[in-house]
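# Structure at a glance
Chain by chain, the residues run as shown.
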Amino acid sequence: MHTSASRSSLETAPQDLPDAGHGHRLRTWLMAETAEAPGEHTGPHGRPGEHRRTHWFRVMCLTGVDYFSTLGYQPAIAALAAGAIAPIATIVLVLVTLAGALPVYRRVAQESPHGTGSIAMLAKLLPRWSGKLAVLALLGFAATDFMITMTLSAADATAHLVENPFAPAELRGQEVVITLALLGGLGIVFLRGFREAIRVATLLVGLFLAANLIVIVVAIVHLVGNPAPIGDWWGVLTTQHGNPLFVIGIALVVFPKLALGLSGFETGVAVMPQIRGDANDTEAHPAGRIRGAKRLLTTSALIMSGFLIASSITTVALIPAAEFQEGGAANGRALAYLAHEFLGEGFGTAYDLVTIAILWFAGASAMAGLLNLVPRYLPRFGMAPAWARATRPLVLVFTAIAFLITWIFDASVDAQGGAYATGVLVLITSAAVAVTLAARARGERRATIGFGAISVVFLYTTAANIIERPDGIRIAACFILGILVVSFVSRIARSTELRATAVRLDARAASFVSSGHPVHLIAHEPQDVSPERYAAKLAHARVAHSLSDAAPLFIEVTVTDSSDFEGELEVRGIERHGFRILTVESSSIPNAIAAVGLHLQEAIGCTPHIYFRWTEGNPLAQLARFFLFGDGEIAPMTREVLREAAPDPRRRPWVHVS
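Residues numbered from 1 in each chain as written. Predicted model: local features only at pLDDT ≥ 70, side-chain atom pairs only at ≥ 80, totals over all residues. Heavy atoms only, no water.

This part covers unusual backbone geometry. Working note: non-glycine residues mostly have negative phi, and peptide bonds are mostly trans. Phi at alanine 411 takes a positive value of approximately 55°, unusual for a residue other than glycine. Mapped onto the fold, alanine 411 is located in the loop between α14 (391–408) and α15 (413–441). Using a relative accessible area of 10% as the deciding quantity, one classes alanine 411 as buried. Not every positive phi belongs to a glycine, and histidine 577 is a case in point at roughly 60°. As for its placement among the helices and strands, histidine 577 is situated in the loop between β4 (567–576) and β5 (579–586). (Helix = DSSP H or I, 4+ residues; strand = E, 2+ residues; numbered from the N terminus. Buried < 20%, exposed > 50% of the residue type's maximum accessible area, 1.4 Å probe, protein only.)

Given below as structure tokens:
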């Protein structure tokens, strides 16, 4: 039997995913990559052309729609979680940000300048299946982070809308419906494609920070003119917790609840491909881009730290504690409360509108992160269906999940805070561990100790947050379980796909074959390369398959990392003990042999005959070995790969087994 090769490169193109030629217009539309040109994806993770890259300060605004927008709800959540201690806990949070998260992500920017972030660093540092499983777990937490960013931001935008004095009274009690409408609108936008993200982000971040600066300055002026609220706060603090060391101790305990203020660092690294570097930058050594990313991270951390401290002090001092509770006017919108209180309903409404806009756009940034994160890893690992490369089906999936989360949490900002903090903290902890391992691998003793200490701090923070608010780890566990199940099923379902993104023969390998002539390939295990073994294999093939006059080649596949899925195949021609051999390195022996056979038939124009011996052993055990280790029962799996790749049995490479 023989078959035709469809193509040597299997990098999935959108038009190849569905059957686009039989009137399936909806499917064709869904499977199109995006309404935008390749490399110009929405949001922070796309890789634009050089002419579309921009100054790091403007790119900071792109990550700022996620990072800075937390000011819309962070002060209220901090006050609700820590009470009078919130300002002290916020100072602890700022110290952890500047002395912990910032150095870690500056190192991540240096180690991963192409926007792949700490997850990719760990994937490189951890070997084989353990690395893949670690990536899958981290993707679960990343999905938690991004999904809750969408739902929490939309819920807080709803709170700002409903609590506005000019909003119709009928909107109260409809928070879930309004939040679902915002999320649905976000999904519709991404089904169409979202352009000019940086320009919109720059405008929104500028307006939002300016509005918050005005509110905080007015609040500080009010406190200077009337310091009684500060005295009242201090009195409550010292009365409830008389010992200053005790206050600091409690602040250290409660500050993990404020971890939402650490969001944005992972996105800050992901936006790196958008930064314009130096004229002499190369993709291998983008020194200017790395320098710009470090400035972006430092500047955004300093700006956010100042706003966090000032907003925490002013909101706790000026807003009655009861207003932070569920149903209170400041719940989820502390700075908006001050805007209405001290600057009037007109400015307060303008503040609400800007806040709603940036919170909605923070959801857009999170959606963009998901749309670029999932295709970057899961399909490439063989752990997602092929359609997961396409944008629109993923938009529908993520929007449906966002609807479910909103319904489960009743569109409550407070209820989702724990899950959000869990996702943020796990990603930051993984980044700290990744840079620690990277420093250790390079023999940098002082950096290893320093980053190791930071890792311990974030491990404590993450553990404390999980213990205090276990709902976050439950949601993350659901995402992780879902990803693992989908990954396991997809890996099995896609195990017989051609995995070669390209097949290339070196000059010597090409000289072994010629167009228009049959080529006889004897599969050989490279573990035994003695002349006796080659001679025995050839003698068996001549007897079993009547190769009396043929001059066959041997083909040897060395399994490198069986947990990998896709990759290019480099076929080298060598001579050993007088025998001509094609050698290949791949994650799977059957898939590699099938890809080489199809390439010889399609690109070279010869007719391959591939010869196998049956593998000894239990068939089920051999099948498991194929799934896990890339070898096992080679002959039938090679035939199955060929059958799926080329359905016409008259045009396949010949497979002979004895």
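On the surface, a cluster of nonpolar side chains totalling about 480 Å² of accessible area is made up of Leu481, Val485, Phe488, Val489 and Ile492. Mapped onto the elements, phenylalanine 488 comes out in helix α17 (residues 471–493). Of the residues examined, phenylalanine 488 reaches a relative accessible area of 58% and is grouped as exposed. (Patch = residues over 30% accessible without salt bridge, like charges linked within 9 Å, V, L, I, M, F, W, Y side chains within 5 Å. Areas by Shrake-Rupley, 256 points an atom, 1.4 Å probe, with all protein chains shown as cover. Salt bridge = Lys/Arg side-chain N within 4 Å of Asp/Glu carboxyl O.)

All right, on to the environment of phenylalanine 190 then. Inspection of the secondary structure puts phenylalanine 190 in helix α7 (residues 175–192). Separated by 204 residues in the primary sequence, phenylalanine 190 and leucine 394 place their C-alpha atoms 9.9 Å from one another.

Our next topic: the nonpolar core. In this structure, Val104, Tyr105, Leu139 and Met150 are the most contacted members of the largest nonpolar core, which totals 137 residues. The leading source of residues in this core is helix α13 (residues 334–377), at 21 residues. When residues no more than four places from it in sequence are discounted, the contact partners of leucine 139 are Ile119, Leu373, Tyr377, Leu378 and Ile483. Listed in part, the 34 residues of the second largest apolar core include Val519, Val557, Leu582 and Leu600. (Core = buried A, V, L, I, M, F, W, Y, C linked by side-chain atoms within 4.5 Å. Contact = heavy atoms within 4.5 Å.)

To continue, consider the sheet that holds strand β7 (residues 654–657). Read across the sheet, seven strands follow the order β1-β4-β5-β3-β2-β6-β7 without closing on themselves; strand pairing throughout is mixed. Edge positions in the open sheet fall to β1 (500–505) and β7, since each of these has one partner strand only. Sheet twist, expressed as the mean angle between neighbouring strand axes with direction ignored, is 25°. Of the pairings in the sheet, the one linking strand β2 (residues 518–523) to strand β6 (residues 607–612) comprises five bridges and is parallel in character. Across the sheet, the residue bridging to proline 518 is threonine 607, located in β6. (Pairing = 2+ DSSP bridges. Axes fitted to C-alpha atoms, helices over the stretch in contact; angles between N-to-C directions.)

On average, residues of the protein chain carry a pLDDT of 79, and 86% of them reach 70 or more. The least confident element of the protein chain is helix α10 (residues 244–254), whose mean pLDDT is 67; the most confident is helix α12 (residues 287–318), at 90. Every residue in residues 1–23 scores below 50 in pLDDT, and together they form 65 contacts with partners more than four places removed in sequence or on other chains. A low-confidence stretch, residues 34–48 (pLDDT under 50), is modelled with 50 contacts involving residues beyond four sequence positions or located in other chains. (pLDDT = per-residue confidence, 0-100.)

As enumerated under the stated definition, the model contains 13 salt bridges in all. Close ionic contact of glutamate 111 with arginine 107 constitutes a salt bridge, the shortest N to O distance being 2.9 Å. Of this pair, glutamate 111 and arginine 107 both sit in helix α4 (residues 86–111), separated by four residues, roughly a single helical turn. Judged by its relative accessible area of 9%, arginine 107 falls in the buried class. As a salt-bridge pair, glutamate 444 and arginine 107 come within 2.9 Å of each other at their nearest N and O atoms. Here the residue glutamate 444 occupies a position in the loop between α15 and α16 (445–468), and arginine 107 occupies one in helix α4, the gap between them amounting to 337 residues.

With that settled, the discussion passes to the environment of glutamate 175. By the secondary structure assignment, glutamate 175 is in helix α7. The exposure class assigned to glutamate 175 is partly exposed, which follows from its relative accessible area of 28%. The spatial distance from the C-alpha of glutamate 175 to the C-alpha of threonine 158 is 6.3 Å, given a sequence separation of 17 residues. Once residues within four sequence positions are removed from consideration, glutamate 175 is found in contact with Thr158, Val162 and Ala411.

Moving on: the packing of aromatic side chains. Tallying each qualifying case throughout the model produces eight aromatic pairs. Where phenylalanine 554 meets phenylalanine 579, the ring centres are 5.7 Å apart and the plane angle is 90°; that geometry is what we call edge-to-face. Residue phenylalanine 554 is found in strand β3 (residues 553–559), and its partner phenylalanine 579 is found in strand β5; the two are separated by 25 residues along the sequence. A relative accessible area of 1% means that phenylalanine 554 is categorised as buried. Through a chain of ring-to-ring contacts, three or more aromatic side chains come together here, namely Tyr67, Phe68, Tyr105 and Phe265. (Phe/Tyr/Trp six-rings, centres within 6.5 Å; stacked < 30°, edge-to-face > 60°.)

Attention now goes to the pairing of β1. Buried residues dominate β1, accounting for five of its six residues. When β1 meets β4, the two strands line up parallel, connected through five bridges. Paired with leucine 505 across the strands is valine 571, a residue of β4.

Within β5, six of the eight residues are buried, which leaves it mostly tucked inside the rest of the structure. The sheet contact formed by β3 and β5 spans six bridges and is parallel. From the neighbouring strand, glutamate 556 faces β5, where its bridge partner is threonine 583. Of the strand pairs in this sheet, β4 and β5 are connected by five bridges, and their pairing is antiparallel. Opposite isoleucine 574, over in β5, you have isoleucine 581 as the bridge partner.

Structurally, the position occupied by threonine 583 is in strand β5. The class of threonine 583 is buried, set by a relative accessible area of 12%. Discounting residues that sit within four places of it in the chain, threonine 583 has contacts with Glu556, Glu570, Val571, Arg572 and Ile574.

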